[in-house]
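# Chains, contacts and geometry: an overview
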Amino acid sequence: MNLHKRLTLKVLAIFAIGFAIVSCDNDDPEPVNEEELITTVNVTFTNTANAGDVVTATFQDLDGPGGNAATQSNLALSANSTYTVSIEFLNEQETPAEDITEEVAEEDDEHQVFYVATAGLNFTFAYTDQDGDGNPLGLAGTATTGAASTGSVTVSLIHEPTKTGAGVSDGDPTNANGETDVEVTFTTTIQ
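What counts as what
- Residues numbered from 1 in each chain as written.
- Predicted model: local features only at pLDDT ≥ 70, side-chain atom pairs only at ≥ 80, totals over all residues.
- Heavy atoms only, no water.
- Helix = DSSP H or I, 4+ residues; strand = E, 2+ residues; numbered from the N terminus.
- Buried < 20%, exposed > 50% of the residue type's maximum accessible area, 1.4 Å probe, protein only.
- Contact = heavy atoms within 4.5 Å.
- pLDDT = per-residue confidence, 0-100.
- Phe/Tyr/Trp six-rings, centres within 6.5 Å; stacked < 30°, edge-to-face > 60°.
- Core = buried A, V, L, I, M, F, W, Y, C linked by side-chain atoms within 4.5 Å.
- Pairing = 2+ DSSP bridges.
- Axes fitted to C-alpha atoms, helices over the stretch in contact; angles between N-to-C directions.

### Let's talk about the overall build of the protein chain
- Helices and strands together make up the secondary structure of the protein chain, namely 2 helices and 11 strands.
- Listing the helices and strands of the protein chain from first to last along the sequence gives α-β-β-β-β-β-β-α-β-β-β-β-β.
- A buried classification covers 35% of the 191 residues belonging to the protein chain.
- In the protein chain, the share of contacts with a sequence separation of at least 24, taken over all contacts with a separation of at least 6, comes to 66%.

### Things to note about the confidence of the model for the protein chain
- This prediction gives the protein chain a mean pLDDT of 87; 82% of its residues lie at or above 70.
- Confidence drops under a pLDDT of 50 for residues 2-25, and excluding neighbours within four residues, the segment shows 2 contacts in the predicted structure.
- Considering only residues more than four positions removed or in separate chains, one finds that residues 29-33, a stretch of pLDDT under 50, has 0 contacts.

### Notes on the packing of aromatic side chains
- What the rule picks out here adds up to 4 aromatic pairs.
- Relative to phenylalanine 125, the ring of tyrosine 115 has its centre 3.9 Å away and its plane inclined at 25°; by these criteria the two rings are stacked. Of this pair, tyrosine 115 sits in strand β7 (residues 111-117) while phenylalanine 125 sits in strand β8 (residues 123-127), and the two are 10 residues apart along the sequence. The same class applies to tyrosine 115 and to phenylalanine 125, which are both buried.
- Connected via pairs of aromatic rings, a cluster forms that spans Phe45, Tyr83 and Phe123.

### A few points about the environment of alanine 166
- Counting through the fold element by element, alanine 166 comes out in the loop between β10 (149-159) and β11 (179-190).
- Accessibility expressed as a relative area gives 56% for alanine 166, which makes it exposed.
- Sequence separation between alanine 166 and alanine 176 is 10 residues, and the spatial gap between their C-alpha atoms is 8.1 Å.

### Some points on unusual backbone geometry
- Cis peptide bonds are those with omega within 30 degrees of zero, and the linkage from threonine 95 to proline 96 qualifies with -5°.
- Locating proline 96 in the fold gives a position in the loop between β5 (82-91) and β6 (98-99).
- Even without a glycine there, the phi angle at glutamate 160 is positive, about 55°.
- Checked against the element boundaries, glutamate 160 lands in the loop between β10 and β11.
- With phi around 55°, asparagine 177 is a residue other than glycine that occupies positive phi space.
- Structurally, the position occupied by asparagine 177 is in the loop between β10 and β11.
- Judged by relative accessible area, which is 55%, asparagine 177 ranks as exposed.

### Let's talk about the nonpolar core
- Within the largest apolar cluster, 35 residues are counted, with the highest numbers of intra-cluster contacts made by Val41, Val43, Phe45, Ile87, Phe89 and Phe123.
- Among residues more than four places away in sequence, those in contact with valine 43 are Val55, Thr56, Ala57, Val85, Ser86, Ile87, Tyr115, Val155 and Phe186.

### As for the sheet that holds strand β4 (residues 75-77)
- Taken in spatial order, the 4 strands of this open sheet run β4-β11-β10-β7, and their pairing is mixed. The open sheet has two edge strands with one neighbour each: β4 and β7. Ignoring which end each strand starts from, the neighbouring axes of this sheet average 25° apart.

And the structure:
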């Protein structure tokens, strides 16, 4: 075999090895875990002393962020009462509507719902459910109202919060970090 053929074969062999090494390197981008679209939030308050006193506060943005303005109801609760609280997150752009609440429950360690009242509103929230690690989740809880007052309650679903952050387990999102999946502020009257 002449020198030219040997050099050509060596160059081809080096090229083939280099190509094989580069081909084995996984430069494929990791798939993006896109957050679910939440078009609807329903928060239901059921008076523990009067099962007929059921109030549902609803937020809807059926075309998603941008586009048409969202619609929402106000929240009116009885004074000096205790309510069980449940919440539902939906994507109504799907048919039938996709229940995002199920995903939040399945990925409970990656989510927390916060209920924050403005100063002066006689409203407190306590968690009655937990994630698999014993941290608050917020799909269920108890709301207690005091004397008549007005203000607002902001409901936030945070993805990947720092559940060990100061105040987070007590329902204060200040140190939760994470990403807000949805946040709704309901004008609230306690009467």
